[in-house]
Amino acid sequence: MLRVLTNINFICKRTPYKVGKEKPEKGEIGSLDNIYFEHIEAFFPFENYPFWVAPFEICANIGNLYFEDISVETKDKRKLNSLINVGPKSARVKENEYFDPYLNCKVNTIHIKNIRINDVEPENVTELIKEVNFNSLYPEAPSTGKGEIEKIIYEKA
């Protein structure tokens with residue numbers, strides 16, 4: 001169980017490959033169930049990680065995913081566009097891709113309780129949870145990965 005962190009830096013990069021010229025390493029999606037994130041304080045965006053677009057980015061098949069007592073503070077109190085992204089990730093620098101934009105994943109249920117963003121509890125957190133869908137990311141090497149969320153349960157504090 002993850003508890004009381006002042007900065008979260010999950011690294012899930014892979015060996016970069018040249019889009020359209022090299023095949024990525026063969027990989028499969030993993031699966032988990034009943035994963036809990038509790039009592040976490042995150043400062044976003046993460047220093048030195050410009051490719052992270054949400055504090056929590058999920059690319060795995062997960063049954064139940066729990067977030068409780070989470071505080072996210074954004075730099076200069078700017079608006080947070082996404083709290084949780086479910087689906088593939090892409091980070092391309094010139095011709096190199098650093099993630100797996102072709103992978104599909106699904107989270108059955110996301111349970112959320114007591115979330116605060118810049119010290120404010122959101123009225124509707126579901127608008128901050130995104131399903132990532134790459135219909136055709138790169139013309140020279142189509143990437144069609146997508147994320148799916150079956151259900152979100154939000155309980156305000």
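Placed above this text is the structure.
Presented here is an overview of the structure given in this document. (Residues numbered from 1 in each chain as written. Predicted model: local features only at pLDDT ≥ 70, side-chain atom pairs only at ≥ 80, totals over all residues. Heavy atoms only, no water.)

**Some words on the pattern of salt bridges**
Move 1: Within this structure, the stated rule accounts for 3 salt bridges.
Move 2: Residue Lys106 pairs with Glu150 through a salt bridge whose shortest N-O separation is 2.9 Å. Within this pair, whereas Lys106 is found in strand E9 (residues 105-117), its partner Glu150 is found in strand E11 (residues 147-155), the two being separated by 44 residues in sequence. (Salt bridge = Lys/Arg side-chain N within 4 Å of Asp/Glu carboxyl O. Helix = DSSP H or I, 4+ residues; strand = E, 2+ residues; numbered from the N terminus.)

**Here we look at the sheet that holds strand E10 (residues 129-131)**
Move 1: Ordered by their spatial adjacency, 3 strands build an open sheet running E4-E6-E10, and the pairing between neighbours is parallel. Across the chains shown, the open sheet's two edge strands, defined by having one partner strand only, are strand E4 (56-58) and E10. Within this sheet the neighbouring strands show an average axis-to-axis angle of 15°, counted without direction.
Move 2: Bridging between E4 and strand E6 (residues 84-86) involves 3 bridges; their strand directions are parallel. Counterpart to Phe56 in the pairing with E6 is Ile84. (Pairing = 2+ DSSP bridges. Axes fitted to C-alpha atoms, helices over the stretch in contact; angles between N-to-C directions.)

**Concerning the nonpolar core**
Move 1: Phe67, Leu83, Ile84 and Ile110 are the most contacted members of the largest nonpolar core, which totals 26 residues.
Move 2: Ranked by residues supplied to this core, first place goes to E9 with 6 residues. (Core = buried A, V, L, I, M, F, W, Y, C linked by side-chain atoms within 4.5 Å. Buried < 20%, exposed > 50% of the residue type's maximum accessible area, 1.4 Å probe, protein only.)

**Thoughts on the packing of aromatic side chains**
Move 1: Under the defined criterion, the tally for this structure stands at 4 aromatic pairs.
Move 2: Put simply, the rings of Phe37, Phe56 and Phe67 touch in pairs and so form one group of aromatic residues. (Phe/Tyr/Trp six-rings, centres within 6.5 Å; stacked < 30°, edge-to-face > 60°.)

**Here's the deal with the pairing of strand E5 (residues 61-74)**
Move 1: Sheet topology note: the strand E2 (residues 31-32)/E5 ladder contains 2 bridges and is parallel. Bridged to Ser31 within E5 is Asn61.
Move 2: Taken together, the 9 bridges between strand E3 (residues 35-44) and E5 define a ladder with parallel strand orientation. Looking at the pairing, Ile40 lines up with Ile70 of E5.
Move 3: With 9 bridges connecting them, E5 and E9 associate as parallel partners. When the bridges of E9 are listed, Ile62 appears paired with Val107.

These figures come from the coordinates and say nothing about function on their own.
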